[in-house]
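# Understanding the architecture of this molecule
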Amino acid sequence: MVYSQKELMLGGHLYLADDAELAADFSRAKKLLRRYNQTTETEEELRRDLLRQLFGQCGEKIHVEPPFYCDYGCHISVGESFYANYDCIIIDVCDVIIGRNVFFGPRVGIYTAGHPLTAEVRNTGLEYGKKVVIGDNVWIGGNVVINPGVTIGDNTVIGSGAVVTKDIPGNVIAVGNPCRILRKISAEDEVFWREKQQQYLRNRL
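Before going into details, it helps to say that this report is about the structure given with it. Only a predicted model underlies this, so the values are computations on that prediction, with no experimental measurement involved. Once a new chain begins, its residue numbering starts again from 1 and follows that chain's sequence as written. The predicted nature of this model means local features are confined to residues of pLDDT at least 70 and side-chain atom pairs, given and counted, to a pLDDT of 80 or more, with totals for whole chains, interfaces and linings taken over all residues. Excluding hydrogens and water, the side-chain values take into account all heavy atoms of the structure.

### Regarding empty space enclosed by the protein
The rule is simple: put a 1 Å grid over the protein atoms alone, call a set of points where a 1.4 Å probe fits but cannot get out a cavity, call an open set with protein on both sides within 12 Å along at least five of seven lines a pocket, and count a residue as lining if it has an atom within 4 Å of a point. Grid points are joined across faces, edges and corners, and a volume is the space filled by probe spheres set on the points. In this structure the tally under the stated criterion is 1 cavity of 30 Å³ or more. In this structure, the largest cavity is lined by Tyr36, Glu44, Arg47, Arg48, Leu51, Ile62, His63 and Val64. Of all elements in the fold, only helix H3 (44–54) and strand S3 (62–64) reach the threshold of two or more residues within the lining of the largest cavity. Only runs of H or I of at least four residues qualify as helices and only runs of E of at least two qualify as strands under DSSP, and these elements are numbered from the N terminus. Counting residues per element, the lining of the largest cavity draws most heavily on H3, at 4 residues. Charged residues are taken to be Asp, Glu, Lys and Arg, nonpolar residues to be Ala, Val, Leu, Ile, Met, Phe, Trp, Tyr, Cys and Pro, and polar residues to be all remaining types, Gly included. Partitioning the lining of the largest cavity into residue classes produces 4 nonpolar, 1 polar and 3 charged.

Rendered as structure tokens:
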């Protein structure tokens, strides 16, 4: 069976990006991104409409601060209540699946693209991708890099500047380069932040 370059790309196999179908998808994304990144703060509905056209799937409540960049857009799936701060970059040569209630700090980069380690093969233009999955209720700090093939579990916090090279489980705080688990999110954390929330509510009375 003969596969298209797009099928090879999305399947995580070696492929060539110099392909008419991929070029058309890339061009479509660039046109939508140019329009999106030229919008103003008064055009929230237009921004949401452009993101719905760009992404493969997204919730109703979504906010992405311009500028935002991606390769194809159609391989990105975003759940309800998603927020990305300035300068987010998603290289979506493979699927990027983002859950509900996910927050990105500024300059978060998600890179699904990879290249052969040997120069002889790399110089032919062959490349590959690996899917990235981010669970629900995840906070990704500023300047975090998420590498190809990574899965991040529900309720996890990734500290600013981390470089995530392998899977991170749910319900932990993870930091560093390479990113490693610092500790679990504990019952004490829950109590502390609920008390802070109650204090906030009292201050608003």
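### A look at the environment of Gly99
Within the secondary structure, Gly99 sits in the loop between strand S8 (96–98) and strand S9 (102–104). Looking at Gly99, the relative accessible area reads 11%, which means it is buried. On a C-alpha basis, the gap between Gly99 and Glu80 in space is 7.4 Å, while along the polypeptide they are 19 residues apart. A contact between two residues is defined here by any heavy atoms of the two lying within 4.5 Å. Filtering out sequence-adjacent residues up to four positions away, Gly99 remains in contact with Gly79, Glu80, Ile134, Gly135 and Asp136. Residue burial is assigned from relative accessible area. The probe radius is 1.4 Å, only protein chains are included, and a residue is buried under 20% of its type maximum, exposed over 50%, and partly exposed in between.

### Considerations on the pairing of strand S20 (residues 180–184)
For two strands to be treated as a pair, DSSP must find no fewer than two bridges joining them. Two strands pair when backbone bridges link them, and strand S19 (residues 172–175) and S20 are joined in this way by 4 bridges, in the antiparallel orientation. If you follow Val175 over to S20, its bridge partner there is Arg180. Between the antiparallel neighbours S19 and S20 lie 4 residues, among them Gly176 with a positive phi of about 95°.

### Here's the deal with the side chain of Lys6
Relative to the helices and strands, Lys6 resides in helix H1 (residues 5–10). The class for Lys6 is buried, based on a relative accessible area of 19%. Beyond its immediate chain neighbours, meaning those up to four positions away, Lys6 contacts Glu21, Leu22, Asp25 and His75.

### What to know about the nonpolar core
Here, nonpolar core refers to any group of buried Ala, Val, Leu, Ile, Met, Phe, Trp, Tyr and Cys residues whose side-chain atoms link them within 4.5 Å. Residues Phe68, Ile98, Phe104, Ile110, Ile134, Ile146 and Ile158 are the most contacted members of the largest nonpolar core, which totals 40 residues. For this core, the element with the most residues is helix H2 (residues 20–37), which contributes 4 residues. For Ile98, the residues in contact, after removing those within four places along its chain, are Ser77, Val78, Gly79, Phe82, Ile90, Phe104, Ile110 and Ile134. By size, the runner-up hydrophobic cluster in this structure holds 6 residues, among which are Leu8, Met9, Tyr72 and Val93.

### A short note on the sheet that holds strand S15 (residues 145–146)
A sheet is described by the order of its strands in space; here 5 strands give the open sequence S4-S7-S10-S15-S18, paired in parallel fashion. Across the chains shown, the open sheet's two edge strands, defined by having one partner strand only, are strand S4 (68–70) and strand S18 (163–164). Relative to strand S10 (residues 109–111), strand S7 (residues 88–91) runs parallel, the two being bridged by 3 bridges. What sits directly across from Ile90, in S10, is Ile110.

### Quick word on the pairing of S19
A regular strand carries its side chains on alternate faces of the sheet. The pairing of strand S17 (residues 157–158) with S19 spans 2 bridges and is classified as parallel. Counterpart to Val157 in the pairing with S19 is Ile173.

### Here's the deal with the packing of aromatic side chains
For Phe, Tyr and Trp, rings pair up if their centres lie within 6.5 Å, where Trp contributes its six-membered ring, and each pair is then called stacked (planes under 30 degrees apart), edge-to-face (over 60) or tilted (otherwise). What the rule picks out here adds up to 4 aromatic pairs. With centroids separated by 6.1 Å and ring planes inclined at 75°, the aromatic side chains of Phe26 and Tyr72 adopt a geometry described as edge-to-face. Pair noted here: Phe26 is in helix H2 and Tyr72 is in the loop between S4 and strand S5 (76–78), with a separation of 46 residues, a long-range link. The class of Phe26 is partly exposed, set by a relative accessible area of 35%. For the pair Phe55 and Phe68, a centre-to-centre distance of 5.9 Å together with 85° between the ring planes defines the contact as edge-to-face. One end of the pair, Phe55, is in the loop between H3 and strand S2 (57–58); the other, Phe68, is in strand S4, with 13 residues separating them in the sequence. With a relative accessible area of 4%, Phe55 lands in the buried category.

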